[in-house]
Amino acid sequence: IRDRNMVAEQMAAGLRQTNAGLTQFRCVAKMTLAGPNRPTKTFRAAMAGQLSDRLRIDMFAPFGGSAGSVSSDGKNLYLVMHPSREYYKKRFGSGNLRRMIQIDITVADLLEMMVGRIPMDAGLSARLMTDEIEARNHLAFVDQWGRTRQRITVDDGMQQMQSEWFEGSDQAAYTLVLSGRLAVDGFVLPERIELSGANGERVLVVLDRYEANVRFDENLFVLTPPSS
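All figures in this text were calculated on a predicted structure; none of them were measured in a lab. (Residues numbered from 1 in each chain as written. Predicted model: local features only at pLDDT ≥ 70, side-chain atom pairs only at ≥ 80, totals over all residues. Heavy atoms only, no water.)

### Examining the pairing of strand E4 (residues 66–73)
Counting buried positions along E4 yields 7 of 8 residues, so the element is predominantly enclosed. Across 7 bridges, the pairing between strand E3 (residues 54–60) and E4 is antiparallel. Paired with Asp58 across the two strands is Ser69, which belongs to E4. Counting the residues in the hairpin turn of E3 and E4 gives 5 residues, including Gly64, whose phi is positive at 100 degrees. As paired elements, E4 and strand E5 (residues 76–81) share 5 bridges and run antiparallel to each other. Bridged to Ser71 within E5 is Tyr78. (Buried < 20%, exposed > 50% of the residue type's maximum accessible area, 1.4 Å probe, protein only. Helix = DSSP H or I, 4+ residues; strand = E, 2+ residues; numbered from the N terminus. Pairing = 2+ DSSP bridges.)

This is the structure in structure tokens:
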């Protein structure tokens, strides 16, 4: 078992080093938000990020004009709804984005995904699990009580990676699938980033024009109230 855990720890270390030199980015993407009891919305989005806590997403309505913006400057989270001129600002705290995208992830988690990595909790222990039915290995992360809190599946060509997060039950609280392949300046990124929650919540980001390690003005991540 210990040998298998050593293999698991090496696999986890390798995944954590994916695109290790990529620390900030700018891209254009197609973004789809869906969930129970609300219509599916698809936007063009301009996104910018700087690990581990600076993020900005500007969403544009299908027929032109800005629909809304979400941002984090590491101190505050901002939300602006342009059509209604609503403006929200709150202390960063844990950087949780649940209020904005309906799925319980943080700014740091989303930034990891946007640079092609699966977020992993360093406080959990890695284990290698074999699925006899699927004939493939899973990388599982267990807590101090032996409960599986995360399970990662990677295909042989590393072309698709999937992660499931658990909150004390057998049903995944939410799932991440990274698929496709986008080569940018020596980095290999997923083309599609799809997050889905247990109750039907879904966020899909399809990357288009992606620029690696661009420089930003710090003011980019601060949103001000819409002018009247």
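Structure's up, so let's keep going.
### Digging into the pattern of salt bridges
Within this structure, the stated rule accounts for 12 salt bridges. Residue Arg44 is joined to Asp208 by a salt bridge in which the shortest nitrogen-to-oxygen separation is 3.4 Å. Of this pair, Arg44 sits in strand E2 (residues 38–50) while Asp208 is found in strand E15 (residues 202–212), placing the two residues 164 residues apart along the sequence. The exposure class assigned to Asp208 is partly exposed, which follows from its relative accessible area of 36%. Through salt bridges with shared partners, a single ionic network connects Arg44, Asp208 and Arg209. (Salt bridge = Lys/Arg side-chain N within 4 Å of Asp/Glu carboxyl O.)

### Some points on helix H3 (residues 107–114)
Of all 8 residues in H3, 6 are buried, a share of seventy percent or more. Every buried residue of H3 is accounted for by Val107, Asp109, Leu110, Leu111, Met113 and Met114. A positive phi of about 90 degrees marks Gly116, the residue just after H3.

### Digging into the environment of Phe63
With respect to the helices, strands and loops of the structure, Phe63 is situated in the loop between E3 and E4. Taking the relative accessible area as the measure of exposure, Phe63 reaches 84% and is therefore exposed. Counting along the chain gives 20 residues from Phe63 to Phe43, while the straight-line C-alpha distance between them is 9.7 Å.

### Remarks on the nonpolar core
Counting 55 residues, the largest nonpolar core has Met114, Val205, Leu207 and Tyr210 as the members making the most contacts within it. Those residues in contact with Met114 that sit more than four places away from it in its chain are Phe25, Cys27, Met47, Leu189, Ile193, Val205, Leu207 and Tyr210. (Core = buried A, V, L, I, M, F, W, Y, C linked by side-chain atoms within 4.5 Å. Contact = heavy atoms within 4.5 Å.)

### A look at the pairing of strand E11 (residues 172–179)
Counting buried positions along E11 yields 7 of 8 residues, so the element is predominantly enclosed. Where strand E10 (residues 161–166) and E11 come together, 6 bridges link them in antiparallel fashion. Looking at E11, one finds that Gln162 is bridged to Val177. The hairpin turn running from E10 into E11, its antiparallel successor, is 5 residues long, and Gly168 in that turn takes a positive phi close to 85 degrees. Looking at chain direction, E11 and strand E14 (residues 192–197) are connected through 6 bridges and run antiparallel.

Fair warning: the whole summary comes from geometry, so function is off the table for now.
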